[in-house]
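Summary of structural features
So you can see what is in the structure, the chains are spelled out below.
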Amino acid sequence: PLAAAVAEQQPVPPVILLLDTAIPRHSWCIPFSVDGFPVPSIRWLFNGTALTEGPYIHTLIMEYEHNSTVLHGCLQLNRPTHVNNGNYTLVVHNALGSASRSVQVRFMDNPFSFSPEEDLVGPRPEPCPRCHQVSVAVALAVFACLSLSVLLILLNKCGRRSKFGINRECPQPGSGWGLWSPSSPPRSRPSRGALMVGVPPGVHHVQRRDIVLKWELGEGAFGKVFLAECYNLLPEQEKMLVAVKALKEATESARSDFQREAELLTVLQHEHIVKFYGVCTEGEPLIMVFEYMKHGDLNRFLRCHGPDAKILEQGTGQPRGPLALGHMLHIATQIASGMVYLASLHFVHRDLATRNCLVGHELVVKIGDFGMSRDIYSTDYYRVSCHAQTMLPIRWMPPESILYRKFTTESDIWSFGVVLWEIFTYGKQPWYQLSNSEAIECITQGRELERPRTCPSEVYAIMQSCWQREPQQRQPIKEIHSRLQALVKTPPVYLDILG
Ligand code: AMP
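Residues numbered from 1 in each chain as written. Predicted model: local features only at pLDDT ≥ 70, side-chain atom pairs only at ≥ 80, totals over all residues. Heavy atoms only, no water.

1. Re the overall build of the chain
For the chain, the count of helices and strands is eleven helices and 18 strands. Pairs at least 24 residues apart make up 66% of the contacts formed inside the chain by residues separated by at least 6 positions. (Helix = DSSP H or I, 4+ residues; strand = E, 2+ residues; numbered from the N terminus. Contact = heavy atoms within 4.5 Å.)

What follows is the structure, given as structure tokens:
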């Protein structure tokens, strides 16, 4: 159509007919319409400086108007963040002249309270020399070992809700609900830079200017999670990808819990526990820095790799098939390994579920989140009546936890059995066919989840050994781990009797 129009077209100086604020599509689009002949060149300025186009930001011509030289397009932005907020100027030019027009665009609020200018102040600190880091690491390790038992008692046994679990009992109102209570009143914002939560000894501090956000990964009860680039974190890498969790609210009790959590996370180090790199406590929000697990949470991953998932593998164009038995056993063994570690520290997780595990490169699975995913998975939690804030993952809980709020290493084993069930059902919700109160009734009456269709009897036997009513009768997690390891080596042949 353009060719036809062009044939009769008189030269037209360029004119911008429309430039509008960004609209969210699957990418963001700053729409524009331009007329002109010869077809004008198009370029953009961002805050007055030439914008370099690339895979994440580029001009897309959507259509040429029939029988005319008017063209419609978008400046497409793939997952912009607050750093992309600003003034976009469209500049069009042909042999007859030029035109320009600007639009102010705001994609999202700055999740950090400091301004981008502040972000750029000061040189990046030099990475610590390796020997210094090693000696610090040794000192930290000694400190961590000494403080571990105290921490575990404080954080895990006192019944406060922490990211690692939930209260054993409903707390008294005003007793400091712990970390991320949605009902606690927001703290008034202190003046910039005035607030500095003391970094607990042993916890690594990350400078805010070393964190460059890329885009949002998800949201939990804790707050938003972002993918970010982090400078100077490891001596061998100038920058690396990390997941950054920004604390939604910062009440006094949330702050002190934040410190305790950070101490504990620093101590927990295992190949199947997500790596915690440190905190950033300059100003707000308070931030925790974790290793980035590129496939996100295990529940979503299982659902995306189930028999119904026909989504194409990114880039390859190949459909990704459902997970095979070997993959499922591999996933389960890794979680069991992390749980053996936690049990060896007498650490009770209280919220083990696939939503709280993360999947990284080459099917590496780690126990990642410790109860912060309550927003997106809110239907997995049940609000008990005594206090409105008490959210319990009842579908993963054994009878003694439901009835008496008793959480132990053995109740974690029960939850591990449910995690196995989730893995072999490609991420179904346990008792999905039942309401919360019906599920409670079934569990407390001793009914068991059924054997998933793709689950060999050897694996179902492991689940059942986790679901013994008597906590002491449940198989220790160490033995479960060994059984799973043996199955990984010689996977059982199984018949899918239902097809
Ligand atoms: P959370 O607040 O930990 O529940 O996180 C919310 C969501 O962010 C999760 O469901 C994940 O999809 C994502 N997420 C959390 N931590 C990480 C991480 N370390 N790496 C990648 N994605 C993460």
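2. Considerations on the nonpolar core
Of all hydrophobic cores here, the largest spans 61 residues; its most connected members are Ile-335, Phe-416 and Phe-424. Put simply, the parts of the chain that give this core at least two residues each are helix H5 (298–304), helix H6 (325–344), strand S15 (357–359), strand S16 (365–367), helix H8 (409–424), helix H9 (436–445), helix H10 (457–466) and helix H11 (477–489). Among all residues touching Phe-424, those that are not within four sequence positions of it are Leu-325, Met-328, Leu-329, Pro-452, Thr-454, Cys-455, Pro-456, Val-459 and Met-463. The next biggest cluster of nonpolar side chains, apart from the first, holds 19 residues, and it includes Ile-30, Leu-51, Leu-90 and Val-92. (Core = buried A, V, L, I, M, F, W, Y, C linked by side-chain atoms within 4.5 Å. Buried < 20%, exposed > 50% of the residue type's maximum accessible area, 1.4 Å probe, protein only.)

3. Some points on a nonpolar patch on the surface
Together, Val-15, Leu-17 and Leu-18 give the surface a local cluster of nonpolar side chains, amounting to about 220 Å² of exposed area. Considering the arrangement of structural elements, one finds Val-15 in strand S1 (residues 12–19). (Patch = residues over 30% accessible without salt bridge, like charges linked within 9 Å, V, L, I, M, F, W, Y side chains within 5 Å. Areas by Shrake-Rupley, 256 points an atom, 1.4 Å probe, with all protein chains shown as cover. Salt bridge = Lys/Arg side-chain N within 4 Å of Asp/Glu carboxyl O.)

4. Topic: the pattern of salt bridges
One pass over the full model with this rule turns up six salt bridges. The partner of Glu-229 in a salt bridge is Lys-239, with the nearest N and O atoms 3.4 Å apart. Remark: Lys-239 occurs in strand S12 (residues 237–247) and Glu-229 occurs in strand S11 (residues 223–234); sequence separation between them is ten residues. Of the residues examined, Lys-239 reaches a relative accessible area of 38% and is grouped as partly exposed.

5. Notes on the packing of aromatic side chains
Under the criterion given, the structure shown has seven aromatic pairs. Between Phe-32 and Trp-44, the ring centres sit 5.6 Å apart and the planes meet at 65°, which makes this aromatic pair edge-to-face. Taken together, the positions of Phe-32 in strand S3 (residues 28–37) and Trp-44 in strand S4 (residues 41–46) put the pair twelve residues apart, joining distant regions of the chain. Trp-44 carries the same exposure label as Phe-32, and that label is buried. Over the aromatic face of Phe-290 sits the side chain of Lys-245, whose NZ or CZ is 4.9 Å from the ring centroid. Over the aromatic face of Trp-396 sits the side chain of Arg-355, whose NZ or CZ is 4.2 Å from the ring centroid. (Phe/Tyr/Trp six-rings, centres within 6.5 Å; stacked < 30°, edge-to-face > 60°. Lys NZ or Arg CZ within 6 Å of the ring centre and 35° of its normal.)

6. Re the sheet that holds strand S14 (residues 287–291)
Read across the open sheet, the five strands follow the order S10-S11-S12-S14-S13; overall the sheet is antiparallel. Whereas interior strands pair on both sides, the edge strands pair on one side only; in this sheet they are strand S10 (211–219) and strand S13 (276–280). Between one strand axis and the next, the sheet turns by 35° as a mean value, whatever way the strands run. Bridge count for S13 against S14 is four bridges, and the pairing is antiparallel. Counted as the bridge partner of Cys-280 is Ile-287 from S14. (Pairing = 2+ DSSP bridges. Axes fitted to C-alpha atoms, helices over the stretch in contact; angles between N-to-C directions.)

7. Some points on the site of the ligand
Taken together, 16 residues are adjacent to the ligand, and Lys-245, Glu-291, Met-293, Asp-297 and Asp-369 come closest. The side chain of Lys-245 places a nitrogen or oxygen atom 2.6 Å from an oxygen atom of the ligand. Asp-297 is positioned such that a nitrogen or oxygen atom in its side chain is 3.0 Å from an oxygen atom of the ligand. A total of 470 Å² of accessible area belongs to the ligand in isolation, and the protein chains cover 95% of it. Sorting the residues of the shell around the ligand by element identifies S10 and S12 as the ones contributing at least two each. When grouped by side-chain class, the residues that make up the shell around the ligand number eight nonpolar, three polar and five charged. (Near = heavy atom within 4 Å. Polar contact = N/O pair within 3.5 Å; in protein donor to acceptor, adjacent residues only side chain to side chain. Nonpolar A, V, L, I, M, F, W, Y, C, P; charged D, E, K, R; others polar.)

8. Things to note about helix H4 (residues 252–267)
Here H4 is 16 residues long and its end C-alpha atoms lie 23 Å apart, about the 22 Å a rise of 1.5 Å per residue gives. Here H4 has its buried residues at Ala-254, Arg-255, Asp-257, Phe-258, Glu-261, Ala-262, Glu-263, Leu-264, Leu-265, Thr-266 and Val-267. (Expected span 1.5 Å × (residues − 1).)

9. Quick look at the confidence of the model for the chain
The predicted model of the chain averages 77 in pLDDT, with 72% of residues at 70 or higher. Long-range and interchain partners of residues 1–5, a stretch whose pLDDT sits below 50, account for nine contacts in this model, where long-range means more than four residues apart. Low pLDDT, under 50, characterises residues 315–319; the stretch is placed with five contacts to residues that sit more than four places away or in other chains. (pLDDT = per-residue confidence, 0-100.)

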